[in-house]
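The chain contents come next:
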Amino acid sequence: MKPVKVGLLGLGTVGGGTHQVLMRNAEEINRRAGRRIEVVSAAVRHPERHVDVVLPLATDPFDLVRDPEIDIVVELIGGIEPARQLILEAIAQGKHVVTANKALVALHGNEIFAAAHQQGVMVAFEAAVAGGIPIIKALREGLAGNQIEWLAGIINGTSNFILTEMRDKGRDFADVLAEAQALGYAETDPTFDIEGIDAAHKLTILASIAFGIPLAFDKVYTEGIAHVSREDVQYAEEFGYRIKHLGIARRVAEGIELRVHPTLIPERRLIANVNGVMNAILVKGDAVGSTLYYGAGAGAEPTASAVVADLVDVVRTLTADPGNRVPHLAFQADHITDLPLLPIDQVVTAYYLHMQAEDRPGVMAEITGVLADQGISIEALIQKESAPGSTIVPVIMLTHRVREERLVRAVEQIEAMVAITGTVTRIRLERLNAD
Ligand code: HSE
């Protein structure tokens, strides 16, 4: 059979890794795909930086997407524009697309998949979420018999690396971030990592294929890790919890929760022990129960592993009727449903609270009185000793589950108390148990 011809948009970390894996494993890939996959050209901005590459290089990426010789365009340049226009142009030319671009899929996926559906071409995006972990494949195909109840993932390696180093070595946030950047894990703009935007992009995609809803990045509640202190990490530990930055999507009676934030989780859960830059996603299906997917969430070859798997998938189904292929967003395009997406104040969860209180009679009664008025039940409470010469003591507590709007009201009242100094740190807590 004739080889399938591929054009690469971008030859950076992931593009280079993809080319390398395709060449190194050509034989095995050919045995799996049933046809040879041949990279025929790559579009790069600076050809002088790729003198050692044995590929024809193009400088205008639009020339590549319009090249009639190319069957599949692999987009690895990232960002929104020109990636969006290039993908739409490739689709208009009747080409299949493989992309690792999470921001683009999260923000413009609805438009891109509609165009692809109309043209009868595939847009594959396994590498957009959790690098090498085949989580899209697992959710879209492996769990197709289930109602997905919830999923919770460590889907930003940089944040996980920072939280792990803070816990293990007591290091400072800024110092660890610099190392994550040097290791090549952080996004070009590291605020995407530490403010939770990168995780929100990935959660948007996971939620869409888990629940059959349109991609809705603007509805994801997003909070990063910058306000988590070393003390919080340590106090959480004293209660038997770890703090992880999670993306959570949950189906509840009123609709779907979509949220990204630091979260206390019991230390005995496997996912609580996913450390460093590694990623993991816990998925609860009604039939299968809890399943956990773990692996490298970034890096040249782990991400290339997902890109190449997508290429093999596309090649295998090139001759299949478009109606018989796995739908882009897991559910048939005319069965994607707009379920209500809940605002964060309607989410029900437990909390960790950390405040600085004056150490005198009646203060604790006042705090617990405010919580009781909002129907918030305390599960555990510690008061630490004051620093020498100070009358201010750290008070740390865990609450039972409560609707967030009630917790917010209680925290406002506690912060207004004369006996409380500064703001109350609150971090959501999830038990992630199997039921
Ligand atoms: N910046 C991302 C991370 C890279 O830290 O996980 C992979 O998407």
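Just above sits the structure.
Only a predicted model underlies this, so the values are computations on that prediction, with no experimental measurement involved.

Basis of the calculations
Residues numbered from 1 in each chain as written. Predicted model: local features only at pLDDT ≥ 70, side-chain atom pairs only at ≥ 80, totals over all residues. Heavy atoms only, no water. Core = buried A, V, L, I, M, F, W, Y, C linked by side-chain atoms within 4.5 Å. Buried < 20%, exposed > 50% of the residue type's maximum accessible area, 1.4 Å probe, protein only. Helix = DSSP H or I, 4+ residues; strand = E, 2+ residues; numbered from the N terminus. Domains from an automatic or database assignment. Contact = heavy atoms within 4.5 Å. Phe/Tyr/Trp six-rings, centres within 6.5 Å; stacked < 30°, edge-to-face > 60°. Polar contact = N/O pair within 3.5 Å; in protein donor to acceptor, adjacent residues only side chain to side chain.

Novice: Explain the nonpolar core to me, using residue names and the numbers behind them.
Specialist: In this structure, I91, I135, L139, I205, L206 and V283 are the most contacted members of the largest nonpolar core, which totals 58 residues. It is helix α10 (residues 197–211) that contributes the most residues to this core, 9 residues altogether. Residues from two domains meet in this core; each of domain 1 (4–132 + 300–335) and domain 2 (135–296) gives at least three. Those residues within four positions of L139 in sequence are excluded, and the remaining contacts are A144, I148, L151, L206, I209, A210 and V283. If you look at the next biggest cluster of nonpolar residues, it comprises 30 residues, including V44, A100, M122 and V307.

Novice: How would you explain the packing of aromatic side chains if you had to name every residue and give the values?
Specialist: This structure, assessed with the given rule, holds 1 aromatic pair. Both rings, one in F113 and one in F125, keep their centres 5.3 Å apart while their planes meet at 45°; by these two values the pair is tilted. Of this pair, F113 sits in helix α5 (residues 102–119) while F125 is found in the loop between β6 (123–124) and α6 (135–142), placing the two residues 12 residues apart along the sequence. On the basis of relative accessibility, which here comes to 6%, the residue F113 falls in the buried class. By relative accessible area, F125 is classed as buried at 0%.

Novice: Any chance you could break down the environment of D359 for me, citing the residues and the numbers?
Specialist: Mapped onto the fold, D359 is located in the loop between β13 (348–358) and α13 (363–373). Sequence separation of D359 and V123 is 236 residues, and the distance between their C-alpha atoms is 61 Å. When sequence neighbours within four positions are dropped, the list of residues in contact with D359 reads Q383, T391 and V393. A polar contact is formed between the side chain of D359 and the side chain of Q383, at a distance of 3.3 Å.

Novice: Kindly report on the environment of Y221, identifying the contributing residues and their values.
Specialist: Note on placement: Y221 falls in strand β8 (residues 221–222). Classification of Y221 by relative accessible area gives partly exposed; the value is 25%. Aside from chain neighbours lying at most four places away, what touches Y221 is L258, R259, V260, H261, I344 and R428.

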